[in-house]
Amino acid sequence: GFIGLGVMGKPMAGHLLKGGYRLVVHNRSRGPVDELVAAGATAAASPAEVARAATVVITMLPDTPDVERVLTGPDGVLSAIQKGAIVIDMSSISPVATERLAKAVAEKGASMLDAPVSGGEIGAINAALSIMVGGEEAAFARAKPILEKMGNAEKIIHIGKSGAGQVCKVCNQVAIGGALSG
C-alpha cells in the first residue's frame, strides 16, 4: 500500500508497480490516484482501507501532523492494520513522534520503519534515492527489496532503532545546509 502521492510519492509508487508489486494507493487529491490506477494500482478510499488490503503500508507525507493523522486518526492505518504488517514512513518528520508512532504500531502487532529519503524529486523519478532507515533489523530485511525499487541499493542503510533514520536525515540536512552556506 502507498499513501501520499505527491511530487515524491507518485514516482516512488510508480516504481513499485513497474517492479511487479501489487499496489493499493490513497491520496487526498484524486488525480495521482487515477494515474496510478491507470498503471495497474487499486484505489483505496481511506488509509484504513489500504491497511486492510496490504501487509506493507508506505507513507510519504508532508509533515509530522500528516503522518500522525494518517496512522492514528479516524479511519487511519492503525484502525485496520494486519498483525505482522510493516509500516514504512518515508516522510521526513520528528524523531520523537516517530518513536511514539512506532510504539503504537507495535501495540497492534505490526512493525514500523522510519525511512526518510534524500535525493529530491529527481531521485524519486530515477529510483535513485538515498534511504536512511530506523527500526527493527528483521523488518528492515523484509522491506529492503521494496526499498530497492525506489532507491539506490548502495544507499539504503539501516541506521539503528526507531527514530534513527529521522535523526540521520536531520544530520544530513544540517550538513547540506552548512555546505550550501559556506
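Everything discussed here concerns the structure shown above.
Note that the coordinates shown come from a computational prediction; the quantities given were computed from them, not determined experimentally. (Residues numbered from 1 in each chain as written. Predicted model: local features only at pLDDT ≥ 70, side-chain atom pairs only at ≥ 80, totals over all residues. Heavy atoms only, no water.)

Asker: How do you make sense of the packing of helix H1 (residues 9-18) against helix H2 (residues 30-38) when you look at a structure like this?
Answerer: With their axes 11 Å apart at the nearest point, H1 and H2 run at an angle of 15 degrees to one another. One way to sum up the angle between H1 and H2 is to call them roughly parallel. Judged by the sense of rotation from one axis to the other, the crossing of H1 with H2 is right-handed. Here H1 contributes Lys10, Ala13, Gly14 and Leu17 to the contact with H2, which in turn contributes Pro32, Glu35 and Leu36. (Axes fitted to C-alpha atoms, helices over the stretch in contact; angles between N-to-C directions. Helix = DSSP H or I, 4+ residues; strand = E, 2+ residues; numbered from the N terminus. Parallel < 35°, antiparallel > 145°, perpendicular 65-115°, else oblique. Left-handed = near helix turned anticlockwise from the far one by under 90°. Contact = heavy atoms within 4.5 Å.)

Asker: Which parts of the structure should I look at to understand unusual backbone geometry?
Answerer: Negative phi is the rule for most residues except glycine; trans is the rule for most peptide bonds. Even without glycine at this site, aspartate 75 takes up a positive phi of about 65 degrees. Here aspartate 75 lies in the loop between helix H4 (64-72) and strand E5 (86-89). By relative accessible area, which is 43% here, aspartate 75 ends up partly exposed. At alanine 127, a position not held by glycine, the phi torsion is positive, near 55 degrees. (Buried < 20%, exposed > 50% of the residue type's maximum accessible area, 1.4 Å probe, protein only.)

Asker: Help me understand the environment of isoleucine 176 in this model?
Answerer: Examined against the element boundaries, isoleucine 176 turns out to sit in helix H8 (residues 164-181). Linking isoleucine 176 and isoleucine 93, residues 83 residues apart in sequence, is a C-alpha distance of 17 Å.

Asker: Mind showing me how you'd approach helix H5 (residues 95-107) here?
Answerer: At 3.6 residues per turn, the α-helix brings residues three or four places apart onto the same side. Spanning 13 residues, H5 covers 19 Å between terminal C-alpha atoms, matching the ideal 18 Å at 1.5 Å per step. In the core, the buried residues of H5 are packed alongside H4, E5, strand E6 (111-114) and H8. For H5, the N-terminal cap is serine 94; the gap from its side-chain oxygen to the backbone nitrogen of valine 96 is 3.1 Å. At the exit of H5 stands glycine 109, carrying a positive phi of roughly 80 degrees. (Expected span 1.5 Å × (residues − 1). Polar contact = N/O pair within 3.5 Å; in protein donor to acceptor, adjacent residues only side chain to side chain.)

Asker: Looking at this structure, I do not really get the nonpolar core. What am I missing?
Answerer: The nonpolar side chains of soluble globular proteins are, as a tendency, buried together. Within the largest apolar cluster, 32 residues are counted, with the highest numbers of intra-cluster contacts made by Phe2, Met12, Ile88 and Met90. Broken down by secondary-structure element, the contributors of at least two residues to this core are H1, H2, strand E4 (56-59), E5, strand E8 (129-134) and helix H7 (137-148). In terms of residue count, H7 provides more of this core than any other element does, five residues in total. If we skip the residues at most four places from it in the chain, methionine 12 touches Phe2, Met60, Met90, Val117, Ala124, Leu129 and Met150. If you look at the next biggest cluster of nonpolar residues, it comprises 24 residues, including Ala51, Leu61, Leu78 and Met112. (Core = buried A, V, L, I, M, F, W, Y, C linked by side-chain atoms within 4.5 Å.)

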